[in-house]
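Architecture and fold: a report
Single-letter residue listing:
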Amino acid sequence: MPYQKEEGPLRGAKLAELHLSTREKRFGFDRDNYIGTTPQTNDWSREGESWSQWFVRCRLAPQLKLAEENGLKPTEGTATMLEHIDVLFGDYMPEASLVHGDLWGGNASFDRHGRPVLYDPAAYYGDREFGRGFYSGYSEVYPLDAGHSDRVTLYNLYHILNHYNLFGAGYASMAMQSLEELCRECLS
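Quick look at the structure, then. (Residues numbered from 1 in each chain as written. Predicted model: local features only at pLDDT ≥ 70, side-chain atom pairs only at ≥ 80, totals over all residues. Heavy atoms only, no water.)

As a further point, take helix H6 (residues 172-187). An ideal rise of 1.5 Å per residue puts 22 Å on 16 residues; H6 measures up with 22 Å between its terminal C-alpha atoms. Along its buried surface, H6 packs onto helix H2 (51-69), helix H3 (78-83) and helix H5 (152-167). (Helix = DSSP H or I, 4+ residues; strand = E, 2+ residues; numbered from the N terminus. Expected span 1.5 Å × (residues − 1). Contact = heavy atoms within 4.5 Å.)

Relative to the 22 Å expected for 16 residues at 1.5 Å per residue, H5 spans 22 Å between its end C-alpha atoms, a close match to the ideal helical length. Regarding H5, the residues found buried are Thr153, Leu154, Tyr155, Leu157, Tyr158, His159, Ile160, Leu161, Asn162, Tyr164 and Asn165. Along its buried surface, H5 packs onto strand E2 (33-35), strand E3 (38-40), H2, strand E7 (124-127) and H6. Taken from the residues just after H5, glycine 168 is the one with a positive phi, measuring 100 degrees. (Buried < 20%, exposed > 50% of the residue type's maximum accessible area, 1.4 Å probe, protein only.)

Turning next to the packing of aromatic side chains. Inspection of every chain in the model, using the stated rule, returns 17 aromatic pairs. Through pairs of rings, three or more aromatic residues link up here, namely Phe27, Trp51, Trp54, Phe55, Phe89, Tyr92, Tyr124, Phe130, Tyr155 and Tyr158. The residue whose ring lies beneath arginine 59 is tyrosine 124, and the NZ or CZ to ring-centre distance is 4.1 Å. (Phe/Tyr/Trp six-rings, centres within 6.5 Å; stacked < 30°, edge-to-face > 60°. Lys NZ or Arg CZ within 6 Å of the ring centre and 35° of its normal.)

With that out of the way, let us pick up the environment of glutamate 68. Position of glutamate 68 relative to the elements: it lies in helix H2. For glutamate 68, a relative accessible area of 47% puts it in the partly exposed group. Spatially, the C-alpha atom of glutamate 68 lies 38 Å from that of glycine 137, the residues being 69 residues apart in sequence.

Before going further, it helps to spend a moment on the pattern of salt bridges. Applying the stated rule across the entire model yields 9 salt bridges. Across the pair arginine 57 and glutamate 49 runs a salt bridge whose closest N-O atoms are separated by 2.8 Å. Residue classification places glutamate 49 among the buried residues on the basis of a relative accessible area of 14%. Between glutamate 69 and lysine 65 there is a salt bridge, with its nearest N and O atoms 3.0 Å apart. One end of the pair is glutamate 69 and the other is lysine 65, both in helix H2 and 4 residues apart, which spans about a single turn. A relative accessible area of 54% places lysine 65 in the exposed class. Residues joined by salt bridges that share partners form a network here, namely Asp43, Glu49 and Arg57. (Salt bridge = Lys/Arg side-chain N within 4 Å of Asp/Glu carboxyl O.)

Judged by pairing direction, the sheet is antiparallel, and its 3 strands sit side by side in the order E1-E4-E7 without closing on themselves. Since the sheet does not close on itself, it has two edges, and those belong to strand E1 (23-24) and E7, each with one partner. For E1 and strand E4 (residues 96-99), the ladder comprises 2 bridges, and the chain directions are antiparallel. Looking at the pairing, arginine 23 lines up with serine 97 of E4. (Pairing = 2+ DSSP bridges.)

Let's shift gears to the pairing of E4. Taken together, the 4 bridges between E4 and E7 define a ladder with antiparallel strand orientation. In the strand pairing of E7, leucine 98 is matched with tyrosine 125.

Here we come to the environment of asparagine 33. By the secondary structure assignment, asparagine 33 is in strand E2. Classification of asparagine 33 as buried rests on a relative accessible area of 16%. Taking the C-alpha atoms as reference, asparagine 33 lies 28 Å from serine 139; in sequence the two are 106 residues apart. The contact partners of asparagine 33, leaving out residues within four places of it in the chain, are Thr38, Pro39, Gln40, Asn42, Ala122 and Ala123. A distance of 2.8 Å separates the side chain of asparagine 33 from the backbone oxygen of alanine 123, its partner in a polar contact. (Polar contact = N/O pair within 3.5 Å; in protein donor to acceptor, adjacent residues only side chain to side chain.)

Take a look at the structure:
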């Protein structure tokens, strides 16, 4: 069944229900997996490691390293920015929920009964904000933290870097713009 705009709220509500019902004490997963064809490390979070520290260690740092190997030249303050990423979280301490990890329209559909179906996951336990997609209906079931919009650039950067690593230089300017914006936000 092709995606219908009015069906978005149902998908968002079901995704929120998944996040509410799948909790874990740590971030990560029992095994590594892939986002597209890029390996994705899912080491369990270490004792005392925050979500933002785990996200830098297991998501951003590996993608940035690969991007540099592929020719991207990150801004001068990138390493320092990664050390100060907690600024974007303030008092927000996310609980680990099962997230899809690669949620976009091409990985979602509906079954023959009209129920939402998600596929091709890069699943792990992480911040639900990262794994919620942009579906209406989500916040009605599981309201987002007031500062969630402060983290959109951070979470999008992971996918932009992955696209740069998979598809090449066409994503370089988006990656650089995101890095520059995050440096301004975290280091000012």
